[in-house]
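Below are the chains, spelled out letter by letter.
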Amino acid sequence: MGGTLFTGFGGPHAVNASPIVHLISLHRAALSCDGTLCDVPLSAFIPWAIMAASTVGAAVPDSVETNRITSNRVQVAPTQACGPTPLTSMKTKMWKKKKGRRWPPKLPSCSVMSKEKSGAAAEPVKMGSKLKLARNDNQSRRFRLVMLVLGCFLVTMTYLVASKPQGLVRSSFGFGTSMPTPLSGDDVLNGDENGRHSTASGGEDPQNSRASANSAPHAAESNDEKERSLQGEKNAIVVDSTSQEVARTHELTEEGEQIHTLERKSSCDLSDERVDICELYGDVRIPGNSSSVLFMESSNNTEHKEAWRVRPYPRKGDETCLREVRELTIRATSEAPRCTVHHNVSAIVFSVSGYTGNIFHDFSDLLVPLFVTARQFDGEVQFVVTDFRRWWINKYRLALRRLSKYPVMDFDGDEEVHCFKQVIVGLRAHQEFQIDPARAPNGYTLIDFTRFIRSTYSLQRETVNNIEDLAARKPRLLIIARKRTRAFTNIGEIVAMAEGLGYEVAVDEANVSSDMAQFARIVNSCDVMMGVHGAGLTNLVFLPPNATIIQIVPWGGLEWMSMLDFGYPAMAMGLKYLQYSITIEESTLTEQYPRDHRVFTDPMSFHGSEFKVVRSTFMKTQNVKLDVNRFKSVLWEALENMIQ
């Protein structure tokens, strides 16, 4: 590698200058960024700094005086420190510019001791040379260490200055800037209420802080100026955001108290196929005995005041169901009735009309969606019910009390104006009798729901006993016996066959007037539950995990519906699911239609029509006469599940 001849008072020394020159170039490039972030990575400095430190540390000390020991004789190589030293042209110009200097500088003369000297003078020379050698060796080591430390320091400072020059200067030397740091888009949308937006909470605003600091010498500020300053604070608007990605507006009173907090973006999701749901944050008011939910906006907001109309029952598109559900209007306004009751908790508004009274719809349309919507609040939520039905509230009072610590409020019969900080209108509902963990808060599942139900009704069994543990009792079978349609016509034969397999059999079905807690304990005590497709199978929510549910599917191509309503939910609850489809001979439809009717030859052709055709043909007029010999293998499989 080529080198540059550096000349000093110690003489000319051939030093490789490429690392030093390269490091200086990087340093100048970093410092030329004029306060902006430079693309000069730290990795660009490290190798050249180490090479430079090593080169200087290795070359300079050895050039002061080179000593060699050959056998028993010390040879002191003459240095160029005596007499005139040739300098480079640059060094010459620098020397001549200094006033009072003569060129070339006069250096002291020296003599070189010859190795031929002997006698008395030879020994002192030898001892002196050894001392010089030892001293120079120590100096060389110290010099290398110092140069290495300086090189590392230079690398660190250059990288800091190149990367964040303003931050380095302010933090290291206490210098400030007269201009405030500009807010990025993230700062505006994701502001910290305790920091940048402390004005809203009564804290000190950064700009006001700087203004007061600058005006400290002028303590005798006039009253007019103070009033103008106070007026400016009252009109201050701070844009904030929350974890729900909601922009809010805070308006201050003279005392610095918050008047209202309001939603500034559309908050209703009308795109879901099953439910319309609105979430409102801020000053939300619910006037009792009305059909309105109001959220306050600033009076100087000239934007269009949006309004939504929703029916808070998760059966979107089912006109027959929603005909009985009250429509609510959610709208933004700057004028609303004065609050008479203030709540420190959130509110959930929903209807208990629709298909309530049918246990399947009680759970699928209300209790499961209510669990998904309200469980995240851990009881700190107020239920506001429209289409209030006292009997329904009483029937499921245990579950409602577990989800909310507060009495259910009758939206239609209340005369107060209730004010909340957060209101959810509608319930989060996914597929039929299902919970989608990807969409549910906290990733709730149907297993979480059934665990909640068992805890609510104080059900003791949390799992099915292995058949080896049933020496003291028989496995229990519950037969859900429908009384009107899709009923078993030979229930006695079924019970006898099951008891012959070793089951203890119970026959029952819950109805609207049943005590839910009592019936839940009956179901939870069983290992197997069976029944024809219908609402009664909803009681599977009370079964212990690993229990078996057997669904008998009536004739008519209803397998898809059976899986949707109970098959998939049962498996999602951790139950073992068995499905039995009856044959034509097991259906009472043979008493109504000839064998060549399309009811038997092409039942799927009915599914292309409206669902009410399917319901009236295959569900309302059909009962089941179970072939006990054919069905026996299904009950055996249920026993095998217990063995496993």
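See the structure above.
Small disclaimer: the values here were computed from a predicted structure and weren't measured. (Residues numbered from 1 in each chain as written. Predicted model: local features only at pLDDT ≥ 70, side-chain atom pairs only at ≥ 80, totals over all residues. Heavy atoms only, no water.)

**Student:** I'd love a proper account of the sheet that holds strand β22 (residues 576–581), names of residues and values included.
**Tutor:** Read from one edge to the other, the open sheet built from five strands follows the order β19-β18-β20-β21-β22, with strand pairing classed as parallel. At either margin of the open sheet sits one strand with a lone partner, and together these are β19 (504–508) and β22. Ignoring strand direction, the axes of neighbouring strands in this sheet form an average angle of 20 degrees. Sheet strands touched by helix α19 (residues 628–643): β18 (476–480), β20 (528–532), β21 (548–553) and β22. Its angle to β22, the strand with the most contacts, is close to 175 degrees. (Pairing = 2+ DSSP bridges. Helix = DSSP H or I, 4+ residues; strand = E, 2+ residues; numbered from the N terminus. Axes fitted to C-alpha atoms, helices over the stretch in contact; angles between N-to-C directions. Contact = heavy atoms within 4.5 Å.)

**Student:** Run through the state of the cysteines, naming residues and quoting values.
**Tutor:** Enumeration over the complete set of coordinates arrives at two disulfides. Note on cysteine connectivity: Cys 268 is disulfide-linked to Cys 278, with sulfurs 1.8 Å apart. Across the disulfide from Cys 268 to Cys 278, rotation about the S-S bond amounts to roughly 110 degrees, and the bridge is consequently right-handed. You can see Cys 268 sitting in strand β8 (residues 268–269) and its partner Cys 278 sitting in strand β9 (residues 277–287), a full ten residues away along the chain. (Disulfide = S-S within 2.5 Å.)

**Student:** Summarise the packing of helix α14 (residues 491–500) against α19; cite the residues concerned and give the values.
**Tutor:** Orientation of α14 relative to α19, taken along the N-to-C sense of each, is 45 degrees, at an axis distance of 10 Å. When the axes of α14 and α19 are compared, the pair comes out oblique. With respect to the hand of their crossing, α14 and α19 are arranged in right-handed fashion. For the pair formed by α14 and α19, the contact residues are Glu 493, Ile 494, Met 497 and Ala 498 on the first element and Val 628, Phe 631, Lys 632 and Leu 635 on the second. The residue makeup of the contact of α14 with α19, split by class, is six nonpolar, no polar and two charged. (Parallel < 35°, antiparallel > 145°, perpendicular 65-115°, else oblique. Left-handed = near helix turned anticlockwise from the far one by under 90°. Nonpolar A, V, L, I, M, F, W, Y, C, P; charged D, E, K, R; others polar.)

**Student:** Mind laying out the pattern of salt bridges, listing which residues take part and the relevant values?
**Tutor:** Should their charged atoms come close, side chains of opposite charge can pair. Throughout the structure, instances matching the rule amount to 18 salt bridges. Where Glu 279 meets Arg 428, a salt bridge forms, and the shortest distance between an N and an O atom there is 2.7 Å. Note that Glu 279 is positioned in strand β9 and Arg 428 in the loop between β17 (417–425) and α13 (446–456), a separation of 149 residues in sequence. Linked by salt bridges that have partners in common, Arg 274, Arg 315, Asp 365 and Glu 432 make up one network. (Salt bridge = Lys/Arg side-chain N within 4 Å of Asp/Glu carboxyl O.)

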